[in-house]
Structures are given as structure tokens and as C-alpha cells.
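Architecture and fold: a report
Here is how the chains run, residue by residue.
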Amino acid sequence: LEKWVWLAEKRKMATAHSIQAPREFVSGEEHFWRGQSYRLKVDIVKNTPFSVQVDGDYIHLYVHEGTTAQRKSELLDEWYRADLRLVAAPLIAKWESLLNVKVAEWNIVKMPLRWGSCTQATQKVVLNLELAKKPMNCVEYVVAHELVHLLERLHNERFRQLLFVPLPNWREIRQ
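Notes on the structure follow. (Residues numbered from 1 in each chain as written. Predicted model: local features only at pLDDT ≥ 70, side-chain atom pairs only at ≥ 80, totals over all residues. Heavy atoms only, no water.)

**Some remarks on the environment of Val101**
Convention followed: Helix and strand definitions follow DSSP, with helices as H or I runs of at least four residues and strands as E runs of at least two, each counted in order from the N terminus. Using a 1.4 Å probe on the protein chains alone, a residue whose accessible area is under 20% of its type maximum counts as buried, one over 50% counts as exposed, and one in between counts as partly exposed. The contact criterion used is simple: two residues touch if any of their non-hydrogen atoms lie within 4.5 Å.
Looking at the secondary structure, you find Val101 in the loop between helix H2 (69-99) and strand E5 (105-109). Judged by its relative accessible area of 13%, Val101 is buried. Taking C-alpha positions, Val101 is 7.8 Å from Leu151, a pair spaced 50 residues apart along the chain. Residues in contact with Val101, not counting those within four places in the same chain, are Trp95, Glu96, Leu147, Leu150 and Leu151.

**Focus on the side chain of Lys72**
Applicable threshold: Lys and Arg are tallied as positive, Asp and Glu as negative. Neither His nor the chain termini are counted. Salt bridges are counted wherever a side-chain nitrogen of Lys or Arg sits within 4 Å of a carboxyl oxygen of Asp or Glu.
When you line up the elements, Lys72 lands in helix H2. Here Lys72 is buried and forms no salt bridge, its nearest opposite-charge partner Glu29 lying at an N-O distance of 8.5 Å.

**Overview of the sheet that holds strand E3 (residues 51-55)**
This is how the line gets drawn: Being paired, for any two strands, means DSSP has found at least two bridges between them. To get an axis, fit a line to the C-alpha atoms, keeping to the stretch in contact for a helix; angles then go from 0 to 180 degrees between the N-to-C directions.
Pairing is mixed across the open sheet formed by four strands, whose spatial order is E1-E2-E4-E3. The open sheet is flanked by strand E1 (30-33) and E3, the only strands paired with a single partner. Strand-to-strand twist across the sheet, computed as the mean angle between neighbouring axes with direction ignored, equals 40°. Of the strand pairs in this sheet, E1 and strand E2 (residues 36-44) are connected by four bridges, and their pairing is antiparallel.

**Remarks on the sheet that holds strand E7 (residues 124-128)**
As summarised here, the arrangement of the three strands in space is E5-E7-E6, forming an open sheet in which the pairing is mixed. Looking at the sheet topology across the chains shown, the edges are occupied by E5 and strand E6 (116-119). Averaged over all pairs of adjacent strands, the angle between strand axes in this sheet comes to 15°, irrespective of strand direction. Each of E5 and E7 is contacted by H2, which is oriented at about 145° to E5, the strand it contacts most.

**Details of the pattern of salt bridges**
Counted according to the given criterion, the structure contains 11 salt bridges. Between Lys41 and Asp43 there is a salt bridge whose closest N-O contact spans 3.1 Å. A relative accessible area of 15% places Asp43 in the buried class. For Glu157, the salt bridge is made with Arg160, and the minimal N-O distance between the two is 3.3 Å. Placement of the pair is Glu157 and Arg160 together in helix H4 (residues 157-164), with a separation of three residues, close to one helical turn. The class for Arg160 is partly exposed, based on a relative accessible area of 27%. A cluster of three or more residues bridged by salt bridges with shared partners is formed by Arg71, Glu74 and Glu78.

**Regarding the nonpolar core**
A general trend in soluble globular proteins is that nonpolar side chains are found buried together. What counts is decided by this rule: Put simply, buried Ala, Val, Leu, Ile, Met, Phe, Trp, Tyr and Cys residues joined by side-chain atoms within 4.5 Å make one nonpolar core.
Ile59, Leu76 and Leu147 are the most contacted members of the largest nonpolar core, which has 42 residues in total. Among the secondary structure elements, those contributing two or more residues to this core are E2, strand E4 (58-63), H2, E5, E7, helix H3 (136-148), H4 and helix H5 (170-174). With 11 residues, H2 is the largest single contributor of residues to this core. What Leu76 contacts, discounting residues up to four positions off in sequence, is Phe25, His31, Leu40, Val52, Ile59 and Leu61.

Here it is in C-alpha cells:
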């Protein structure tokens, strides 16, 4: 009973997010890339490798006949990972220079609850694969946020100041 109000607020926050229905990876589904909405177009091809291309308002997924939804998901994830790697690499270099830090290693993985993580002791950064679906300023904010953790482990005033000076609108982006 003592925690009732706190629990009610946490439950409301946890259920307030719009959850995208599970994907079936069929033509017509809505998918996101770099903050924009696209329609998926599944194209059946023969004797050519699997591939993904963006054309206008469509993400074209080129697959062989009988490709499972699981495999289509994996192919899109591979494409998202490659794209996010291209986007994140220069951002990491930019923020390493701005903060005078060096990332020892960084990777992209699926994470259910976080946009990124940083291990200060090993100087390793992990970015969530879902960032490939978000606007570029959001990707930069997460990169900046994680690299600031190389200097300050806690989300304290020093952390906020390190982030605020080079990225004064970080609060708006985070929202």
C-alpha cells in the first residue's frame, strides 16, 4: 500500500508507449528507417542474392520463393545493422574528438530496454539495432550520451554539463 501511487505511475509509464504489432514481413507493412515510415515491398527473385533497397516510399526486400518470415526479419536486421554502422562510425569519431575520449570497441545488438550502453572500465559501447529506425539526431544523442559515460559514469550534473555544452538541445532530442 505504501508504494501504490508509485506503482500506479510506473504502470502508466510502462503501458503509455505505442507498441508496434509483430511484423509478418509481407508487402504493405509499415517499417521505419532513419526516422521515416516506409512500406515494405517483398519482391521474389531467382538466382540472385538476397538484398534490401530503399526506393521512394518503399523498402524493397528481395528474397527467394518460400523465404520464411524469420529469415526476412534477419535480412532486414542485417541491412539495418550495416546502415547503422555507416551512420554511427562518423558520429563516434566526432564525439571522441569533442570529448577527447577513445572508444576501445563498439558494437550493434538488439537490446529490449536500452538505446545504448557503455562500460567505462573497458571503454566499450553498445548501440541498439533499433536506432537504425530513428531520426539521425536521436542516433547522435545516444552516441553522445554513451561516450559521455566514458568520462562520467553517473547521470549527475557533471554528466549533464558534458552533454549540454556540445549538444545544447539534448533534452528535446531525448523526448
